[in-house]
Amino acid sequence: MNAATSRHTDTALLLLRLLLGTLLTLRGYQHLFVVGIEGTAAEWRGLGLPFPLLFAPLLSLLELVGGPLLILGLAVRPVATMSTLAVLSVLALTQGDVMLGLGLGRELLDRVLNPIIQNWLLLVAGTLTLALAGAGRFSIDAQRLPPRPAGPAAAAHPLDAVAETKPARKRK
């Protein structure tokens, strides 16, 4: 990858982090402080989500804490992975049975074209991208974590060097 492509990729990851981080922060704030836990739980109960009183505070905290972490570029992969799994879980639990029963016809197309489903799918696409690609160069993670080696050495595990050293001598 040349320097210009790398810079463009890092800029795109920064913009994605800023957008998703802002959206998650605002949603978490709304769930916790505007609608409240009870209101959020009632909304999710209406969607058919199981254990809404358990998941409402957990997912709202993930949004409220994870959003700023994405913006800063700190712990991006874990936050993005948890967010992806959370949204996929909500989609599977609330829409999975309907989607599976629709086949590949017009009904499935109508369901996928629902703006709410589209928003969830776009959120999955964005968070999954960050989970796989990481924060990019313009992040705290890039400053904290050692760079990944390119080429065949990339697959090597950091403890491989330790395994190649001679074993310690036993004391008598």
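The present account deals with the structure reproduced in this document. Everything numeric here is computed off the predicted structure, so don't read it as measured data. (Residues numbered from 1 in each chain as written. Predicted model: local features only at pLDDT ≥ 70, side-chain atom pairs only at ≥ 80, totals over all residues. Heavy atoms only, no water.)

### Considerations on unusual backbone geometry
- Of note, the phi angle at Phe51 is positive, near 50°, even though the residue is not glycine.
- Residue position: Phe51 is located in the loop between helix H2 (36-47) and helix H3 (52-72).
- Judged by its relative accessible area of 60%, Phe51 is exposed.
- Backbone geometry at Ala75 places phi at a positive 55°, although glycine is not the residue there. (Helix = DSSP H or I, 4+ residues; strand = E, 2+ residues; numbered from the N terminus. Buried < 20%, exposed > 50% of the residue type's maximum accessible area, 1.4 Å probe, protein only.)

### A closer look at the pattern of salt bridges
- Within this structure, the stated rule accounts for 3 salt bridges.
- Salt-bridge contacts for Asp141 lead to Arg144; the nearest nitrogen and oxygen are separated by 3.0 Å. In this pair, Asp141 and Arg144 both sit in helix H7 (residues 140-144), 3 residues apart, roughly one turn of the helix. (Salt bridge = Lys/Arg side-chain N within 4 Å of Asp/Glu carboxyl O.)

### Describing the side chain of Thr40
- Topologically, Thr40 is positioned in helix H2.
- Overall, Thr40 belongs to the buried group, its relative accessible area being 0%.

### Topic: H3
- Compared with the 30 Å implied by 1.5 Å per residue over 21 residues, the 30 Å span of H3 between its first and last C-alpha is a close match.
- Count one or two residues on from H3 and you reach Gly73, which has phi positive near 80°. (Expected span 1.5 Å × (residues − 1).)

### Topic: a nonpolar patch on the surface
- Taken together, the side chains of Tyr29, Phe33, Val34 and Val35 define a hydrophobic patch exposed on the protein surface, amounting to about 410 Å² of accessible area.
- Locating Val34 in the fold gives a position in helix H1 (residues 3-34). (Patch = residues over 30% accessible without salt bridge, like charges linked within 9 Å, V, L, I, M, F, W, Y side chains within 5 Å. Areas by Shrake-Rupley, 256 points an atom, 1.4 Å probe, with all protein chains shown as cover.)

### Here we look at the nonpolar core
- Counting residues in hydrophobic clusters, the biggest one holds 24 residues, and the most contacted among them are Leu59, Leu70, Val87, Leu91, Trp120 and Leu130.
- Mapped by element, the contributors of at least two residues to this core are H1, H2, H3, helix H4 (76-101) and helix H6 (115-133).
- Of all the elements, H4 adds the most residues to this core, at 7 residues.
- For Trp120, the contacting residues outside a window of four places in its chain are Leu47, Val87, Val90, Leu91, Thr94 and Gln95. (Core = buried A, V, L, I, M, F, W, Y, C linked by side-chain atoms within 4.5 Å. Contact = heavy atoms within 4.5 Å.)

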